[in-house]
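Here are the chains, one letter per residue:
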Amino acid sequence: MRITSIILMLFITISASAKFVKQDFVAKTILIADDANNLQLLIDYNKGCKISQVKIRGKNTISPLGVYTSIKTESNLFTSLDSKTQIKINAKKNKFEIGNIVYGEKEMSVTETWIFTVTGKQIVWDIRRQYLQNGKLDNMSIPVWNFSNLSTWKGGILNTGGVVWCKYLKNINDTYGVHTDGVTFWEPDSGDAFRVETSSNDGNIALSFSHGENDEFKFTQYLTPLELYQRHDLSRFVGGKYDVFAPFEVKKGTAKISLTLSYVDYNKEYDRGNLAGIDATTVRELLNTTGRYGVIDRNIIGANGWSTNWKCLHEPFFAQIGMAVNDENYTRNFSSTLDHERDFAVEKDGRVLARWHHKPEAKNSNYNFKTGYYDCPWGYTIDAQPGQVINTAEQFDLNGDIEWLKSHKLNCEKILDWLIKRDSNHNGIFEMLNNNTGEHTCSDWLDVVWASFENAFVNAQMYEALNLWSDCEAVLGDKEKESYYSAIAARLKEAFNKPVQEGGFWSPEKKQYIYWRDKDGSLHGDNLVTPVNFAAIAFGLCDDPQRTKDILDQIENKANAENLFHWPLCFDSFKQEEVSAGNWPFPKYENGDIFPTWGYLGIRAYVKYDKKIALRYIENILAQYKKDGLSFQRYSRITQEGLGNDILAGICTTITALYRDIYGIRPKWNRMGMEPNMLRELDGTGFDYTHKGQRYTLSLSENSYQVSTQSLSVKSNKGFGVNMSKDRLLYYPKNQNMEELSIKRKNRQPINIEISEWSKNRRCWTLNSTGDYKFTVRGLKPNSTYSIQLNGNREKSYDTNSEGILSFEYTSQMPTSFCIENLLK
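Predicted model, so just to flag it, every value in this text is computed and none were measured.

Caption draft 1: Just the overall build of the protein, in detail. In terms of regular secondary structure, the protein is built from 14 helices and 51 strands. In summary, the protein has a C-alpha radius of gyration of 30 Å against a globular reference of 28 Å for 825 residues, a match within 12%. For the protein, the spread of C-alpha atoms along the three principal axes comes to 100 × 75 × 50 Å. Split into buried and exposed, the 825 residues of the protein put 60% on the buried side. With the model as given, the accessible surface of the protein reaches about 32,500 Å², and the carbon-plus-sulfur share is 47%.

Here it is as structure tokens:
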């Protein structure tokens, strides 16, 4: 009885000085919790040392194996679970130091000290490992977390911008290894999440995720002197094998790693806002899983995705996915991915190697065993050329880094020029490397369809690339190149739209764009190939209202006749000689199955014609995600059931188009842009969006769009762009490249304006905030006289300068309307 009282007194003394750190001397455990008690760690130092429980809001997430550290030599595994020496404890207020953890053998042994510190909402776990010898390790953990099972978390959002989706670790020892320093595990039903952020000055950090032998979900952290290489070819994911990383050398001495652990309110942290009329929860989950799945590792973003170790450089939508995911980690990683592709995937003459894989697809291949880049073995997917440029241009709008863009200037120019030179007959249409269908080789994303020579799908993407890059040349100040690429795009548009009888792609008889023309002039692909026709409309090649109607009405009628939830690659069959044998009989595979990967082109096309149809397909893909997670390559045209283990991350693009083409999220390198196509049933939509570190609140209804921060608000019934510096607001009408209204404030006063009219001769806005302001209006007629009306009353006239600019100051004490009008129209 007396002994028990002494132990109790010691426990009370420690807990009184450290509210969230408690020690049980009998059980040899330490309980640590954050200030809100959302995260609790129970440390067991009875034999060795481990974390035996990790409770998230009272629920333990850890299996009986616990959380521990380890080293593995070629023949033996040693862990902190069994220390050779007695553990030493040192308690200091909200900090516990656990030392003298020793394990290993003569060949390799370590001693460790674990330090836990409670800092408000976080628990910091510092591990100091001292290697007692130089040596080679086969594996290690610092530490390994053994979560109860694969359903403990839906997945983990990685600091690469990617995701580990637990359901893809289907079999025992399936393992995904990635080079990054942090992960946020989440469970959507409870809204609970657990974040582990790691840092060290003593080496390189990596993570792996595995299906454990007892069905636990294993999360292993690594700290190594040099970056870890893959053990099995270039595989980031390996089936049935725990050892994803190659053996590595360690040196005698100390290595320190710091883990910052925290509870995260997932619903708040990853809130998608109020998406009126749209299932915002499903949007969030789709983008946090399917949308992130194409991030394979640091410097490797592309679909298919990490479970197949595949990416295609001939897919032009990864910057667009980043726009919708809206995670600075994704944006940062995709910038470095494009750097990596520039340096290793583009040949000297400008041709882009269109694929990356963990090993060669075929024996006769130009596969690079060091980088993983190569060509498709049965053809050259030439859409990698425009795809690379489209992604680079759109990524620049997200990162806003002009120096980064400069570093890609020569590369993008030589990529475009490589394809521009492939116009042997000088008709303005660019040619593939294969000449005819009979060669049985591919030339674009539909890689088992034998499209050749003049390919409409590749040329449509080239048109988009030329225009986007022309805009980039303008930003970089190269007027000559800007005009050059713009002129080539205009010539391509003219040639593309000619009737097939005159060398173009338009079929007056079928009222659609054909897919390709062989070198001998024979025409192919008049079976209503959807990505071809959608791309023509979406990228602006087809701006004829009647042609647009003819194409989209056909597609809608045929889709409704079959009650399809999404668009197939083609509605009618290719000829048998036009496709690989695996596409037969129709409908099968790329000859008629449903590939939602190109959904964004369909949404972008229909938004220009019938927004309700576009919205219906967005709702359809959200419903499909709720059924099966879109965890397939494609869907059967006949059953509409998912097919193909080759899962495609691009299957999310219908939802990225919700953000780009319905909500109109168009961030630009120097402003936050909006070009909405809202519908009445979506009125009241509101969400936050972060661009270049600035958080904006968007409020959207049909014909009413507002962007706000803490100190500014702009509202209009037309699209616009806005930028706010320390004391100045810049307004870009229609989100065009020149700001036409600048408002400078004094004393950090708020700026709240509503644009009511913005035309060539008349510009009107209401200032709803009070204070002292200076207004500068640009884009007016040079050396002309303009009147200014305040609240409908003419007050004064001003003359513009030689650049069409006028300025005036005003002190506002109440909402004031301004109208500037040219007196000499």
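Don't stop here, the text continues.
Caption draft 2: Region of interest: the packing of aromatic side chains. This model, assessed by the stated rule, comprises 67 aromatic pairs. Here Tyr-168 and Trp-306 contribute two aromatic rings whose centre-to-centre distance is 5.9 Å and whose plane-to-plane angle is 65 degrees, an arrangement assigned as edge-to-face. Of this pair, Tyr-168 sits in the loop between β15 (163–165) and β16 (175–178) while Trp-306 sits in the loop between β26 (304–305) and β27 (310–312); the two residues are 138 residues apart in sequence, bridging distant segments of the chain. Just as Tyr-168 is buried, Trp-306 falls in that class too.

Caption draft 3: Region of the structure containing the pairing of strand β20 (residues 217–224). When you tally the buried positions in β20, you get 8 out of 8 residues, the bulk of the element. Residues Phe-217, Phe-219, Gln-221 and Leu-223 point to one face of β20 and Lys-218, Thr-220, Tyr-222 and Thr-224 to the other, with burial holding for every one of them. Where strand β13 (residues 139–147) lies against β20, 4 bridges are found, and the strand directions are antiparallel. Bridged to Asn-146 within β20 is Lys-218.

Caption draft 4: Structural view of the sheet that holds strand β37 (residues 672–674). Here 6 strands make up an open sheet; going across it, the order is β37-β42-β43-β44-β47-β50 and the pairing antiparallel. The open sheet has two free edges, formed respectively by β37 and β50 (806–812), since each of these has just one partner strand. The sheet shows a mean angle of 20 degrees between the axes of neighbouring strands, taken without regard to direction.

Caption draft 5: View of the environment of Val-250. Examined against the element boundaries, Val-250 turns out to sit in strand β22 (residues 248–250). Separated by 142 residues in sequence, Val-250 and Met-108 have C-alpha atoms that sit 9.8 Å apart. In contact with Val-250, not counting residues within four places along its chain, are Met-108, Tyr-131, Asn-134, Gly-135, Leu-137 and Pro-225.

Caption draft 6: Region of interest: the nonpolar core. Phe-194, Phe-209, Tyr-659, Tyr-663 and Trp-765 are the most contacted members of the largest nonpolar core, which totals 241 residues. The dominant element in this core, judged by the number of residues it contributes, is helix α8 (residues 456–475), at 11 residues. The next biggest cluster of nonpolar side chains, apart from the first, holds 7 residues, and it includes Ile-157, Val-163, Val-264 and Tyr-266.

Definitions and cut-offs
- Residues numbered from 1 in each chain as written.
- Predicted model: local features only at pLDDT ≥ 70, side-chain atom pairs only at ≥ 80, totals over all residues.
- Heavy atoms only, no water.
- Helix = DSSP H or I, 4+ residues; strand = E, 2+ residues; numbered from the N terminus.
- Rg over C-alpha atoms; globule rule 2.2 N^0.38 Å.
- Buried < 20%, exposed > 50% of the residue type's maximum accessible area, 1.4 Å probe, protein only.
- Areas by Shrake-Rupley, 256 points an atom, 1.4 Å probe, with all protein chains shown as cover.
- Phe/Tyr/Trp six-rings, centres within 6.5 Å; stacked < 30°, edge-to-face > 60°.
- Pairing = 2+ DSSP bridges.
- Axes fitted to C-alpha atoms, helices over the stretch in contact; angles between N-to-C directions.
- Contact = heavy atoms within 4.5 Å.
- Core = buried A, V, L, I, M, F, W, Y, C linked by side-chain atoms within 4.5 Å.

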